[in-house]
Amino acid sequence: MRAAVPYRDADGMDETANARRSMLIALRRNPPLRRLLAALAISQLGDWLYNLALLALVFSRTHSVAWTAAATCARVLPMVVFGPLGGVLADRYDRRRLMIASDLIRAAMMILLAAVAMAGLPVFLAPVLAAASTVASVVYPPCVAATTSGIVSEADLPAATATRSAIGAASVVAGPAGGALLLLLHSPAWAFVINAGTFAVSALFLVGLGTRLAPPARDPRSTSDSGRRPALREGIAALRSDAIALRIIGADIVCSLVYGAHTVLLLMLSRRLGSGDSGYGYLLAGIGVGGLIGAAVAARLRVQDPLRLVGVTLLVAAAPAALLAVVPSMPVAVMLAAALGAGSVTVEVVVDTSLARRLDESVLARAYGLAFPAAIAGIAAGSLITAPLVGWLGLAGALVVVGALLGAYALWILLPAVPWRPVRPIRFVAPAPAGEE
């Protein structure tokens, strides 16, 4: 865990007391953070553009929903499977070099995808290259998370984490919009070429950091294979030993599951409201705009009781999620989607900030390398449960159940109870002290 000591700037101001740090102040004071977040922003923007182009390429070649779904799985599943390995690598090797290598490999994959599109190469190469690109990306999220924690002060950590979430939300809005416009004017090949360029620019920003981002010194006891390799099990142990960390990670997974369900449900809702596929784009953009608002609010929150803050946020988000079942018009639906996006991103910021504060820096990347793929798996699971839910309850019933899921998890972590012990859950093994129930 980071040292709980006041941070003082050049003016001698006690920054810990000023918890309501704005994102702009945090960025202005920290040039390395600006470069890191600039690299992240340009990379994520290109990624959302590429996602749209990949599906457009596969569907235009095959006219098959199954092939399109396979391309989506190929792009997502490697993060779930290999994400923990990314955390291990981030705790062993220089993080700046890992991120630069990741950018360069992904740029090469994008050039190869452009060749598949331009030269009419076999379409099965598209999901294969997409999977290879995702495998190369698994080191990036834990490297960014652990590096952010290492280069900012304790007081600036919520603002820095919120800025990362705001970048993701803005990419959800701008990336697909830019991709759709590009596909109207050009073939998907140009989207892949542009995405390759974004990775190259991201690598240049990281090179400009001008310093190594070495992982923290490791305890010789915290190794495997005769002290040569950091053990993934230590990241698992760090999470299991912290009940609060596990519960708030669970909240992030629930939000991801709800988002995965909404990727399908909102398309059906848009058609029910008579807005077609274009309305679906408005709803996704609403989630992204709400995410930007949520990130701005979360940057100013005091994260002193993460369980209570996450629980209240989930309760607030549960209402608009359930009300989508009875929404009368598209404008109201977009506003509800924005409220849901704001709540989800607030939870994400609180989770990332709390993990950085609660976990030892030597295992933070490995812990994040477990939490992030779990959230991605939640998105996949949410999309898979949608068809059975709709078939059983109809669209309105499925939307209510998804909203109720947020509320149920919120109540579970808010209700007062005996402190949860994930390792030793049985309280009555030993006799209770005299006078105690």
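Residues numbered from 1 in each chain as written. Predicted model: local features only at pLDDT ≥ 70, side-chain atom pairs only at ≥ 80, totals over all residues. Heavy atoms only, no water.

Peer 1: A description of the packing of helix α4 (residues 95–119) against helix α8 (residues 188–207) should follow, citing residues and the corresponding values.
Peer 2: It is the contact of α4 with α8, at a shortest axis distance of 8 Å, that shows an interaxial angle of 165°. Overall, the two elements α4 and α8 adopt an arrangement that is roughly antiparallel. The handedness of the crossing between α4 and α8 comes out as left-handed. Grouping the constituent residues of the contact of α4 with α8 by class yields 18 nonpolar, two polar and three charged. (Axes fitted to C-alpha atoms, helices over the stretch in contact; angles between N-to-C directions. Helix = DSSP H or I, 4+ residues; strand = E, 2+ residues; numbered from the N terminus. Parallel < 35°, antiparallel > 145°, perpendicular 65-115°, else oblique. Left-handed = near helix turned anticlockwise from the far one by under 90°. Nonpolar A, V, L, I, M, F, W, Y, C, P; charged D, E, K, R; others polar.)

Peer 1: So what about the side chain of Asp103? Which residues, and what values?
Peer 2: Mapped onto the fold, Asp103 is located in helix α4. Residue Asp103 is classed as buried on the basis of its relative accessible area, which comes to 0%. Excluding residues within four positions of it along the chain, Asp103 makes contact with Ser43, Tyr140, Phe199, Ser202, Ala203 and Leu206. (Buried < 20%, exposed > 50% of the residue type's maximum accessible area, 1.4 Å probe, protein only. Contact = heavy atoms within 4.5 Å.)

Peer 1: Before we move on, can you summarise helix α14 (residues 361–414) with the specific residues and values?
Peer 2: Between the first and last C-alpha of α14 there are merely 28 Å, a value that for 54 residues lags more than 12% behind the 80 Å anticipated at 1.5 Å per step. Along α14, the sharpest kink reaches roughly 115°, centred on Leu393. (Expected span 1.5 Å × (residues − 1). Bend = angle between axes of the 7 residues up to and from the residue.)

Peer 1: Kindly report on the packing of aromatic side chains, identifying the contributing residues and their values.
Peer 2: Considering all chains together, one arrives at one aromatic pair under this definition. Centroid distance Tyr409 to Trp412: 5.5 Å. Interplanar angle 55°. Geometry classified as tilted. Here Tyr409 pairs with Trp412, and both are found in helix α14, just three residues apart, close to one helical turn. We classify Tyr409 as buried; its relative accessible area is 15%. Note that Arg106 overlies the ring of Tyr140, its terminal NZ or CZ placed 4.9 Å from the centroid. (Phe/Tyr/Trp six-rings, centres within 6.5 Å; stacked < 30°, edge-to-face > 60°. Lys NZ or Arg CZ within 6 Å of the ring centre and 35° of its normal.)

Peer 1: Before we move on, could you go through empty space enclosed by the protein and cite the residues and values that matter?
Peer 2: One water molecule sets the probe size; rolling that probe over the atoms shows where empty space is left. This structure, assessed with the given rule, holds one cavity of 30 Å³ or more. Counted as a void, the largest cavity has a volume near 60 Å³. Lining the largest cavity are Ala145, Ser149, Leu157, Thr161, Arg164, Asp352, Leu355, Ala356, Leu364 and Tyr368. Secondary-structure elements contributing two or more residues to the lining of the largest cavity are α6 (140–151), α7 (157–185), α13 (330–358) and α14. Among the residues forming the lining of the largest cavity, the class breakdown is six nonpolar, two polar and two charged. (1 Å grid on protein atoms, 1.4 Å probe; cavity = no way out; pocket = protein on both sides within 12 Å on 5 of 7 lines; lining within 4 Å. Points joined across faces, edges and corners; volume = space filled by probe spheres on them.)

Peer 1: Explain the packing of helix α12 (residues 306–323) against α13 to me, using residue names and the numbers behind them.
Peer 2: For the pair α12 and α13, interaxial distance at closest approach is 8 Å and the crossing angle is 160°. Here α13 runs roughly antiparallel to α12, going by the angle between their axes. Judged by the sense of rotation from one axis to the other, the crossing of α12 with α13 is left-handed. Mapping the contact onto sequence places Pro306, Leu309, Val310, Thr313, Leu314, Ala317, Pro320, Ala321 and Leu323 in α12 and Leu336, Ala339, Leu340, Gly343, Thr346, Val347, Val350 and Ser354 in α13.

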